[in-house]
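Listed here are the chains, written in short residue letters.
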Amino acid sequence: MKEKILFLFFLVGFQVEGKLNVLTTTKNIHSLTKSIAGDRIHLESILKGPQDPHYIAPKPSYMIKARDADLIILAGMELEIGWLPNIIQGARNPRIHQGQSGYLDASQFIQALSVPKGKVDRFFGDIHPFGNPHYLLDPLQAIKVSKGISQKLSELDPKNKDYYVKNQKQFETKIQQKVKEWKGRIQNFGVRKIVTYHSSFEYFLDRFQLNFVGMIEEKSGIPPSAKHILNLIAKMKSSQTSCILVSSFYSNKWAEKIKRTVSVHVETVAIEVKALKEVVDYVSLIEGLVQAIERCGRFTKNLKGEGKS
């Protein structure tokens, strides 16, 4: 009987506490939400850092998390199209259905790149009809998303509105300052031309004025052919490109093959928080990409120094 009373005490205490249960699809969105909400909400992410957000299995454990959520925040633009609808359906939680107050598509706040024109055909690879979904690799897009998250949390949890608004403004100020720093560091190292494995880096390259030379994948989601690699090598030589970025979700075997023919520096980098152990939050995610560009810059400077000697 005493145990039952104790249990009821803790149950009532939890209900009085009244924290929102918020579920994000990715660790990047989780990190942004954490920056705004702190410990004022119960926050979980479906994905763990090392998981590729394009491809996961909709496990029953994910459905249980979604069942208890007051709010689900997704990246959208069909990044999660292969698994999220099944999770939401299996959760049997009407609060988080599309169109309801507990459903927030973060992509509504950003300006999309690479929105395909005309008919979308899978012949051209893993095409997203609403544009490239990796927009959070642009820190200024992340600010827009943080504002949207703050507004939604304030709507669902008005008693903590001032707290959410204050934290969002602090996050915005910090990111704006960091963008100036990051731009300066990238410019100082003189790297301008980049090859990537997948199309994940488009927003990052656009924000920091880096030229996209080519992609190792023949088409998004389609491994390269030998002919494609030879053409890419020729393009890299003619453009004097010496930096390749590969997301940690993918093998760098093709990049290493290219490296045998071209003087190039290969960087394996995170595009999601927690994808690599040193990437613990959103700021360290972008910092890691900037440091990768700096290492490419050092490689290029050393290469030119060797050429002069």
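Residues numbered from 1 in each chain as written. Predicted model: local features only at pLDDT ≥ 70, side-chain atom pairs only at ≥ 80, totals over all residues. Heavy atoms only, no water.

Can you walk me through the state of the cysteines in this structure?
One way to say it: the disulfide is the covalent bond shared by the sulfur atoms of two cysteines. Enumeration according to the criterion identifies 1 disulfide in this entry. The side chain of Cys-243 participates in a disulfide bridge whose partner is Cys-296; the two sulfur atoms lie 2.1 Å from each other. Negative torsions about the S-S bond denote left-handed disulfides, and the value of about 65 degrees found for Cys-243 with Cys-296 makes this one right-handed. Here Cys-243 is found in strand E7 (residues 243–247), whereas its partner Cys-296 is found in helix H10 (residues 282–308), with 53 residues between them in sequence. Overall, Cys-243 belongs to the buried group, its relative accessible area being 1%. Judged by relative accessible area, which is 0%, Cys-296 ranks as buried. (Disulfide = S-S within 2.5 Å. Helix = DSSP H or I, 4+ residues; strand = E, 2+ residues; numbered from the N terminus. Buried < 20%, exposed > 50% of the residue type's maximum accessible area, 1.4 Å probe, protein only.)

I keep staring at the sheet that holds strand E6 (residues 211–215) and nothing clicks. Help me out?
By way of backbone hydrogen bonds, the strands of a sheet pair with one another, either parallel or antiparallel. Across the sheet, 4 strands lie side by side as E6-E5-E7-E8; this open sheet has parallel pairing. Every interior strand has two partners, whereas the edge strands, E6 and strand E8 (265–269), have only one. The average angle at which neighbouring strand axes cross in this sheet is 30 degrees, direction not considered. In terms of strand pairing, strand E5 (residues 193–196) meets E7 through 2 bridges, oriented parallel. Paired with Val-195 across the strands is Ile-244, a residue of E7. Running over the sheet, helix H8 (residues 226–239) touches E5, E6 and E7 and is turned about 155 degrees from E6. (Pairing = 2+ DSSP bridges. Axes fitted to C-alpha atoms, helices over the stretch in contact; angles between N-to-C directions. Contact = heavy atoms within 4.5 Å.)

Please clarify how the environment of Pro-133 should be interpreted in this entry.
Here Pro-133 lies in the loop between strand E4 (103–105) and helix H5 (139–156). Pro-133 sits 55 residues away from Glu-78 along the chain, and the two C-alpha atoms are 7.4 Å apart.

Please explain the nonpolar core as it appears in this structure.
Inside soluble globular proteins, nonpolar side chains tend to come together where they are buried. Counting 73 residues, the largest nonpolar core has Phe-204, Ile-216 and Ile-244 as its most contacted members. Element by element, the count of residues in this core is highest for H10, at 9 residues. Grouped together as the second largest cluster of nonpolar side chains are 16 residues, Leu-23, Ile-72, Ile-88 and Ala-91 included. (Core = buried A, V, L, I, M, F, W, Y, C linked by side-chain atoms within 4.5 Å.)

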